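Inside the fold
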Amino acid sequence: MHPMLNTAVKAARRAGNIINRAARNLDILSVTQKAINDFVSEVDREAEQAIIKLLLEAYPGHSILAEESGAAGKSEFQWIIDPLDGTTNFLHGFPQYAVSIALAHKSVLTQAVIYDPVRNDLFTATRGHGAYLNDRRIRVSKRIKLQQSLLGTGFPFREFAHIDTYLAMFRDLTQKTTGLRRAGAATLDLAYVAAGRLDGFWEFGLSAWDMAAGSLLITEAGGLVGDLEGNSDYLESGNIVAGNPKIFAQLVQALAPHLTPTLKSRK
């Protein structure tokens, strides 16, 4: 395992321990609301601090982009961190949440870890070396027809400007697939695409830390990732489509009639 990936795995597991410990005492957690339907608990903050401390002990010069504390440091190496994706699930005891850590070098993603502390599932990838789940190589699914595929998605939850557009997509794709799943943690949904558990995924209004690690996992597992039109600026736009190559193309095609000017790629 690449030494930088190894450090990220240690950090993710340490955060996972903090999350698991807190999950046993949900009733005493202090929680604040950042914005409508956007919660942060002391666990998010504690997990994030633990991750950053461990990473900066190993690589003091590296910069950080983290969900709760924002951007810090100037370096061609940047760690992109979501200490607890799926906070709302976590706060309800709904066991679908994850820790996500990615490393970008000169804006190119090079390392990725997504850790599910509930199932002890560790998804990892190093650019050019494939994607793994608990040390076993993973590949995207082989399904070739949208009609036979299982897709992941996420409802808009913070920003409701596009809710009607989204629901039109949802209605359309419900009829064009085997099923849609909306489990509440985009990082895990993307990891599931990489592992072939989902054939594709789409969502809009995400942040870089929701997408960075998952997108490298998917490309290293043989899949494709893009914005809603299939272009490469998903990290900037916050809109993402992912899937195995066949389903990715059909999903982009199925979404196209629903796209509004604000959801299209910025040229």
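In what follows, the structure referred to is the one given above.
An account of the accompanying structure is given in this report.

**Some words on the packing of aromatic side chains**
Applying the stated rule across the entire model yields eight aromatic pairs. On the numbers, 5.2 Å between centres and 90° between planes, the contact of F90 with Y97 is edge-to-face. Here F90 matches Y97 in class, with each residue buried. For the pair F155 and Y166, a centre-to-centre distance of 5.6 Å together with 90° between the ring planes defines the contact as edge-to-face. Linking F155 in the loop between β11 (150–153) and α4 (163–176) with Y166 in helix α4, this pair joins segments that are eleven residues apart in sequence. Given the relative accessible area of 0%, Y166 is considered buried. Through pairs of rings, three or more aromatic residues link up here, namely F155, Y166, F170, W202 and F204. For the cation-ring pair, R197 lies above Y192, with the distance from its terminal atom to the ring centre recorded as 4.8 Å.

**Things to note about the pattern of salt bridges**
Applying the stated criterion to the full structure yields eight salt bridges. Measuring nitrogen to oxygen at the nearest pair gives 3.3 Å for the salt bridge that ties E46 to R21. Separated by 25 residues along the polypeptide, E46 in helix α2 (residues 42–58) and R21 in helix α1 (residues 3–23) bring together distant segments of the chain. Look at E46 and you get partly exposed, because its relative accessible area is 39%. For K53, the salt bridge goes to E57, with nearest N and O atoms at 3.1 Å. With K53 and E57 both in helix α2 and four residues apart, the pair spans about one turn of that helix. Across the pair, exposure class does not vary: K53 and E57 are exposed alike. Each of K34, E67 and E68 takes part in one network of salt bridges that share partners.

What counts, and where the lines are drawn
- Residues numbered from 1 in each chain as written.
- Predicted model: local features only at pLDDT ≥ 70, side-chain atom pairs only at ≥ 80, totals over all residues.
- Heavy atoms only, no water.
- Phe/Tyr/Trp six-rings, centres within 6.5 Å; stacked < 30°, edge-to-face > 60°.
- Buried < 20%, exposed > 50% of the residue type's maximum accessible area, 1.4 Å probe, protein only.
- Helix = DSSP H or I, 4+ residues; strand = E, 2+ residues; numbered from the N terminus.
- Lys NZ or Arg CZ within 6 Å of the ring centre and 35° of its normal.
- Salt bridge = Lys/Arg side-chain N within 4 Å of Asp/Glu carboxyl O.

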